[in-house]
Amino acid sequence: MAEHSYTSRRELDQYTFHPAVTLLTPLVLVLLQAVLPKVWPRLVILDLPLIGVIFFAIARRNPIAGTLTGTTIGLFQDGLTNLPFGINGIAKSIIGYLAASIGFTVDVENVINRMALNFGFSLLQSGTIYGIMRWLLADPTVRLHPLYELLRALCNTVVAVPLFFLLDRFKVRE
Amino acid sequence: MLIVVVMAQIIALAVQVQRPVAGTSTDAIDQGKTMLLRRWTVAIVTPFERLLHGSGSTVRHLWSSYGDLRHTHERNQALQQEVARLRQEQASLAEDAAQGRRLQALLNFKEQYITKTVAAQVIGTSGTDRSHTLWIDKGSADGLKPEQAVITPDGVVGKLRDVFPHTSQLLLLSDSTSGAGVVLESTRMRGIVRGTANGQVQINNLTADDRIKPGEKVLTSGGDQVFPRGLAIGVIESIAPDPQHQPYTAITVKPTANLTRLEEVLVITGTDSKLPADAKQDVEAAEATAEENRRAADVIAEKLPSLHESSSQADDKAPDAAEPGKPAPDLTKAKSGPVRTQPAIHPDRYSPGTVAPAKDLKPGEVAAPPQQPKESR
């Protein structure tokens, strides 16, 4: 008689990463984010660290790990700006948590789902940052440009799909 | 977990942006509380940025060296011609500059000359379009300090914000937290140029005025104690009513320096009220050339009186040509000597000849306003 084990889908699809990958990938993404706009200023529209947060969150499927990953990468990103610490930190914490939670319910290996997740989370991040700057920091000069933010989300999605496939190679099943 | 993390960050945000206590700026609070975090981030990221910048520079240098070698001869000839032209131009301007300095001395005006600069290379950006800052490869070890002005040969770029031992953060003019005192070149109106949230550079503390027109140059006024007076900021691009700050206008300025493609910048580390030694030598050389030109013009005038007469006639006609709507005469064709300034169209108390000699002036006496010249029809 065949043996049946009670392994949930969550356990089946949970992945871990080598510590070097966990440390170096966000660092490389933040570094590229800082250097690429110097080569081609229009690339400032991208948010490579955000793609990293989404990837690690949906791969680990652990909301706590997702939140902490988002916070760390976000604060690290804030350190390179002249903005107060916490703007990217808060936005990416929320996204890390939500991405890890959504990872349970949808097939994150599917390209369409990955595109939808990246597009949606990019828009969510733009809205969150606008809210933080407009209301928490009470900066009346901040404006939300819907078309520009849609374009940003589209660009992030285009870059995220191949980047996800590249990062998939570093996944280790638990 | 999420709530705890987010709340902690909101509290951290509130601490960073709390209203400054009297006598301290927001920057001072921010620097005190978050400098350490920023220092760690910079310490992790900038070594890699330097490495990437260094390897990229080597490749670019090799390629540009090859390109330069191919066009060296032509470029050399063109540069020699330009040097000759600039020497003539410098000589013709030397006298006016000397007159300007004499007037400034009379008015007890304190001019600030740039005496010391440190060249730095841009190694990275903030990585977001919400923060218009750059990272440069020089820091406090090279004599840099916060609030020092940063320029390029094209014009003002911004000022230093955070300075670390070997790296500094450059706050661009286009950032919403930056500002500089400016003066409009022709109208002499003073304002403050600021960055906007979408990366534009605007003057928004001037009311609507017909004299402000697109194309006018915007210079630093020196009033902010950061940027020396007279540096180019940009050119007025557009003027529109500012709906949020009525009755002020939003004057958009196009910076003369390309803020999105900066490779090398100069940080002004020293200014002085005296002319630097190098500049003094240049001025002396220019004045000597001007004197030689004058002598040569006198010799020609003596030997060829007819040329002198035609030159005088051209001088007499010059004020007519200065009328609005008429093109300016080509002075280089009319005169063999150095180019001289035309009489002022609207003379004021600084115009040459409108004020009595110093020996005739009495203390406390109010000078008579200058008379407008009669228009010649």
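Scope of this entry: the structure provided in the associated data block. (Residues numbered from 1 in each chain as written. Chains lettered and ligands numbered in written order. Predicted model: local features only at pLDDT ≥ 70, side-chain atom pairs only at ≥ 80, totals over all residues. Heavy atoms only, no water.)

1. Some details on the overall build of chain A
Secondary structure assignment for chain A yields seven helices and two strands. Secondary structure elements in chain A, listed N-terminal to C-terminal, are α-β-α-α-α-α-α-α-β. In chain A, buried positions account for 53% of the 174 residues. Of the contacts formed within chain A by residues at least 6 apart in sequence, a portion of 72% connects residues at least 24 apart. Total accessible area on chain A stands at roughly 8,100 Å², and carbon and sulfur atoms take up 70% of it. (Helix = DSSP H or I, 4+ residues; strand = E, 2+ residues; numbered from the N terminus. Buried < 20%, exposed > 50% of the residue type's maximum accessible area, 1.4 Å probe, protein only. Contact = heavy atoms within 4.5 Å. Areas by Shrake-Rupley, 256 points an atom, 1.4 Å probe, with all protein chains shown as cover.)

2. Overview of the pattern of salt bridges
Inspection of the entire model under this criterion finds 13 salt bridges over all chains. In this structure, A:Asp47 and A:Lys92 form a salt bridge, with 3.3 Å as the shortest nitrogen-oxygen distance. With a gap of 45 residues between them, A:Asp47 in the loop between helix H2 (19-39) and helix H3 (48-60) and A:Lys92 in helix H5 (residues 87-105) connect regions that are remote in the sequence. For the residue pair A:Asp47 and A:Lys92, the accessibility class agrees, reading buried in each case. Of the charged contacts in the structure, one is a salt bridge between B:Arg161 and B:Asp162, with a shortest N-O distance of 3.1 Å. Both residues of the pair, B:Arg161 and B:Asp162, belong to the buried class. (Salt bridge = Lys/Arg side-chain N within 4 Å of Asp/Glu carboxyl O.)

3. Remarks on a nonpolar patch on the surface
Residues and elements named next belong to chain A. A contiguous nonpolar surface patch, about 360 Å² in accessible area, is contributed by Leu23, Leu24, Val28 and Leu32. By the secondary structure assignment, Val28 is in helix H2. The class for Val28 is partly exposed, based on a relative accessible area of 42%. (Patch = residues over 30% accessible without salt bridge, like charges linked within 9 Å, V, L, I, M, F, W, Y side chains within 5 Å.)

4. Brief notes about the packing of H3(A) against H5(A)
All names here are of chain A. Contact geometry for H3 and H5: axes closest at 7 Å, N-to-C directions at 35 degrees. Read as a crossing pair, H3 and H5 show a hand that is right-handed. Together, Pro49, Leu50, Val53, Ile54, Ala57 and Ile58 of H3 and Lys92, Ile95, Gly96, Ala99 and Ala100 of H5 make up the contact between the two elements. (Axes fitted to C-alpha atoms, helices over the stretch in contact; angles between N-to-C directions. Left-handed = near helix turned anticlockwise from the far one by under 90°.)

5. Re empty space enclosed by the protein
Evaluated as defined, the whole model comprises two cavities of 30 Å³ or more. Estimated volume of the largest cavity: approximately 60 Å³. Lining the largest cavity we find A:Gln33, A:Val44, A:Leu46, A:Asp47, A:Gln77, A:Asn88, A:Arg152, B:Gly127, B:Thr128, B:Asp129 and B:Arg130. Counted by class, the lining of the largest cavity contains two nonpolar, five polar and four charged residues. When its volume is computed, the second largest cavity comes out at roughly 30 Å³. The wall of the second largest cavity is formed by A:Phe55, A:Ile58, A:Ala59, A:Val108, A:Arg114, A:Phe164, A:Asp168 and A:Lys171. (1 Å grid on protein atoms, 1.4 Å probe; cavity = no way out; pocket = protein on both sides within 12 Å on 5 of 7 lines; lining within 4 Å. Points joined across faces, edges and corners; volume = space filled by probe spheres on them. Nonpolar A, V, L, I, M, F, W, Y, C, P; charged D, E, K, R; others polar.)

6. A short note on the sheet that holds strand E5 (residues 168-172) of chain B
If you trace the six strands once around the closed barrel, you get E1-E2-E5-E4-E3-E12 (chain B), paired in antiparallel fashion. Neighbour-to-neighbour, the strand axes of the sheet open up by a mean angle of 45 degrees, direction not taken into account. (Pairing = 2+ DSSP bridges.)

7. A closer look at the environment of A:Val53
Residue and element names in this part refer to chain A. Secondary-structure assignment places Val53 in helix H3. The buried category is assigned to Val53, whose relative accessible area is 0%. Between the alpha carbons of Val53 and Gly66 there is a distance of 7.3 Å; along the sequence they are 13 residues apart. Those residues in contact with Val53, other than ones at most four positions away along the chain, are Gly70, Ile73, Lys92, Ile95 and Gly96.

The analysis is restricted to geometry; functional conclusions fall outside its scope.
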